[in-house]
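Examining the three-dimensional arrangement
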Amino acid sequence: MRFQDVEKRFGDHVVLKNLDFTVNKGDRVTLIGPSGSGKTTILRLVMTLEEATGGYIFIDGQPLTHEERGGKRVELKERHKNEIRKRIGMVFQQFNLFPNMTVIENIIEAPVHVLGLSKKAAKEKAMGLLEQVGLADKADAHPLELSGGQQQRVAIARALAMDPEILLLDEVTSALDPEIVGDVLGILRDVAETTDITMLIVTHEMQFARDVSNRVLMFDGGHIVEEASPEVMFTDPKEERTRAFLSAVLDH
Ligand SMILES: Nc1ncnc2c1ncn2[C@@H]1O[C@H](COP(=O)(O)OP(=O)(O)OP(=O)(O)O)[C@@H](O)[C@H]1O
Ligand SMILES: [Mg+2]
């Protein structure tokens, strides 16, 4: 996943400017940075829930939404975007399950309608994933009958049901009660250990970031301020901005 000179503006408000970074295949990259700096925006751009106002994003060498043709920035066809989008999964802070569908329906929706799996095959796969996240007995429940932690486990199963090559995790435990944060992070640790899915993770859980990621990017003011291994970033960051941010977060 490569960001090249990406800009994102909301009206006059420039959130990302000249943003360049690369996440290699199989990398687990944690993105840290202050509230409002644009971390969610970066993930939403990759998920094509937002579109960049400048620059280019590449997935596996292919342009995501725009490409350069004859010196012009040209928007790509919806069909192209849909093809690339299939390869990317996202788990949100607020779960974002479909409230009118049961758990199993939530999980099979995209595999059936986007990948064209048969209902039977999609259900079998969904049941396997529900077992993996410890919720096989909740297949026919509705999301609102579940606790926050359970809903988030369903959301993880739903993302994995698409066999994503890239998984985007946006503060997936920050809406959860402290005592269940560990369960959800444990599931994600397993996913990290047992798959080679490329992950881009926004989290304030520094221990999780240390356990799972191989690189940490400190992001502020629309661009990457510092990049390091978790060991270095969390113990001996070079930039004053990173030090100030981390001491505020770690004191918290
Ligand atoms: N749809 C939108 N319309 C207008 N402004 C937006 C929109 N989405 C985000 N923004 C603005 O973009 C900036 C970055 O927001 P973003 O949610 O990406 O930050 P963040 O780093 O994820 O923050 P947090 O750590 O609090 O989640 C903020 O100033 C926000 O107000
Ligand atoms: Mg955010």
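Procedures and definitions
Counting starts from 1 at the beginning of each chain's written sequence and moves along it residue by residue. Numbering of ligands from 1 and lettering of chains from A proceed in the order in which they are written. Local features in a predicted model are, by the rule used here, given only for residues with pLDDT of at least 70; side-chain atom pairs are given and counted only at 80 or more, and totals for whole chains, interfaces and linings are based on all residues. By definition, any uninterrupted DSSP run of H or I lasting at least four residues is a helix, any uninterrupted run of E lasting at least two residues is a strand, and each is numbered from the N terminus. Two things to know: the radius of gyration comes from C-alpha atoms, and the globule rule equals 2.2 Å times the number of residues to the power 0.38. Any residue pair is listed as a contact if its two C-beta atoms, each placed from the backbone, are within 7 Å. UniProt positions are given in the numbering used here, feature names are shortened, and annotations may be inferred rather than shown by experiment. Here the rule is simple: two strands pair whenever DSSP picks up at least two bridges between them. Angles shown run from 0 to 180 degrees and are taken between the N-to-C directions of axes, each axis being a line fitted to C-alpha atoms and, for helices, limited to the stretch in contact. For classification, angles of less than 35 degrees are called roughly parallel, those exceeding 145 degrees roughly antiparallel, those between 65 and 115 degrees roughly perpendicular, and all remaining angles oblique. Each crossing gets its handedness from the near helix: less than a right angle anticlockwise from the far helix is left-handed, clockwise is right-handed. Asp, Glu, Lys and Arg are counted as charged, while Ala, Val, Leu, Ile, Met, Phe, Trp, Tyr, Cys and Pro are counted as nonpolar; the rest, among them Gly, fall into the polar class. Working rule for contacts: place C-beta from the backbone, and if it is within 6 Å of a molecule or strand, that residue counts as near it. Connectivity within a nonpolar core runs through C-beta atoms within 7 Å, and the core itself is a set of buried Ala, Val, Leu, Ile, Met, Phe, Trp, Tyr and Cys residues. Counting other C-beta atoms within 10 Å of a residue's own tells you its class, since 20 or more makes it buried, 12 or fewer makes it exposed, and anything in between is partly exposed; those C-beta atoms are placed from the backbone. For crossovers, right-handed means that the path from the first strand over the helix to the second runs clockwise, given strands pointing away from the viewer.

**With respect to the overall build of the protein chain**
- Summing up its helical and strand segments, the protein chain has nine helices and 12 strands in all.
- Relative to the 2.2 N^0.38 estimate, which gives 18 Å for 252 residues, the radius of gyration of the protein chain is 18 Å and therefore close to what a compact globule would have.
- Once the C-alpha set of the protein chain is aligned to its principal axes, its extents read approximately 50 × 50 × 30 Å.
- Partitioning the intrachain contacts of the protein chain with sequence separation of at least 6 by distance along the chain shows that 62% fall at a separation of at least 24.

**Some details on the UniProt feature "domain: ABC transporter" (unreviewed entry) in the protein chain**
- Per the UniProt record, the feature "domain: ABC transporter" (unreviewed entry) sits at residues 1–246.
- Overall, residues 1–246 shows 37% helix and 27% strand. The separation of its end C-alpha atoms is 26 Å.

**Section: the sheet that holds strand 10 (residues 198–202)**
- Taken together, the six strands give an open sheet; going across it, the order is 8-9-10-3-11-12, and neighbouring strands pair in mixed fashion. The open sheet is flanked by strand 8 (88–91) and strand 12 (223–228), the only strands paired with a single partner. In this sheet, adjacent strand axes meet at a mean angle of 20° when their direction is disregarded.
- Two elements, strand 3 (residues 28–32) and strand 10, share four bridges in a ladder whose sense is parallel. Residue pairing for strand 10: Leu31 is matched across the bridge by Val202.
- Of the strands in this sheet, strand 3, strand 8, strand 9 (166–170), strand 10 and strand 11 (215–220) are in contact with helix 1 (residues 39–46), which crosses strand 10 at around 150°.

**Focus on the packing of helix 5 (residues 148–160) against helix 6 (residues 178–194)**
- Helix 6 packs onto helix 5 with a crossing angle of 15° between their chain directions and a minimal axis gap of 9 Å. Considering their axes alone, helix 5 and helix 6 lie roughly parallel with respect to each other. Our pair here, helix 5 against helix 6, has a crossing hand that is right-handed. Side by side, helix 5 and helix 6 meet where Gly149, Gln152, Arg153, Ile156 and Leu160 of the first sit next to Ile180, Asp183, Val184, Ile187, Leu188 and Val191 of the second.
- Looking at the contact of helix 5 with helix 6, its residues break down into seven nonpolar, two polar and two charged.

**Examining the site of ligand 1**
- The full set of residues close to ligand 1 is Phe10, Val15, Ser35, Gly36, Ser37, Gly38, Lys39, Thr40 and Thr41.
- For the shell around ligand 1, the leading source of residues is helix 1, giving three residues.
- Of the residues contributing to the shell around ligand 1, the split by class is two nonpolar, six polar and one charged.

**A short note on unusual backbone geometry**
- Positive phi, normally seen in glycine, also occurs at Asp60, with a value near 55°.
- As for its placement among the helices and strands, Asp60 is situated in the loop between strand 4 (54–59) and strand 5 (62–63).
- The backbone phi angle of Asp163 is positive, close to 45°, even though this residue is not glycine.

**Brief notes about the nonpolar core**
- Formed by 61 residues in total, the largest nonpolar core has its most connected members in Ala157 and Leu200.
- Counting residues per element, this core draws most heavily on helix 5, at six residues.
- The residues contacting Leu200, other than those within four sequence positions of it, are Met1, Val23, Val29, Leu31, Leu43, Val46 and Leu168.

**Considering the pairing of strand 9**
- Counting buried positions along strand 9 gives five out of five residues, so the element sits mostly inside the fold.
- Side chains Ile166, Leu168 and Asp170 project from strand 9 onto one buried face, and the interleaved Leu167 and Leu169 project onto a second face that is buried too.
- Bridging between strand 8 and strand 9 involves four bridges; their strand directions are parallel. Counterpart to Ile88 in the pairing with strand 9 is Ile166.
- Bridge count for strand 9 against strand 10 is five bridges, and the pairing is parallel. Counterpart to Asp170 in the pairing with strand 10 is Val202.
- Crossover strand 9 to strand 10 through helix 6 is right-handed.

**Observations concerning the sheet that holds strand 1 (residues 2–10)**
- With antiparallel pairing, four strands are arranged side by side in an open sheet as 2-1-4-5. Each end of this open sheet is capped by a strand with a single partner; those strands are strand 2 (13–22) and strand 5.
- Where strand 1 meets strand 4, four bridges bridge the pair, whose relative direction is antiparallel. What sits directly across from Gln4, in strand 4, is Tyr56.
- This element, helix 1, spans strand 1, strand 2 and strand 4 of the sheet and lies at about 65° to strand 2.

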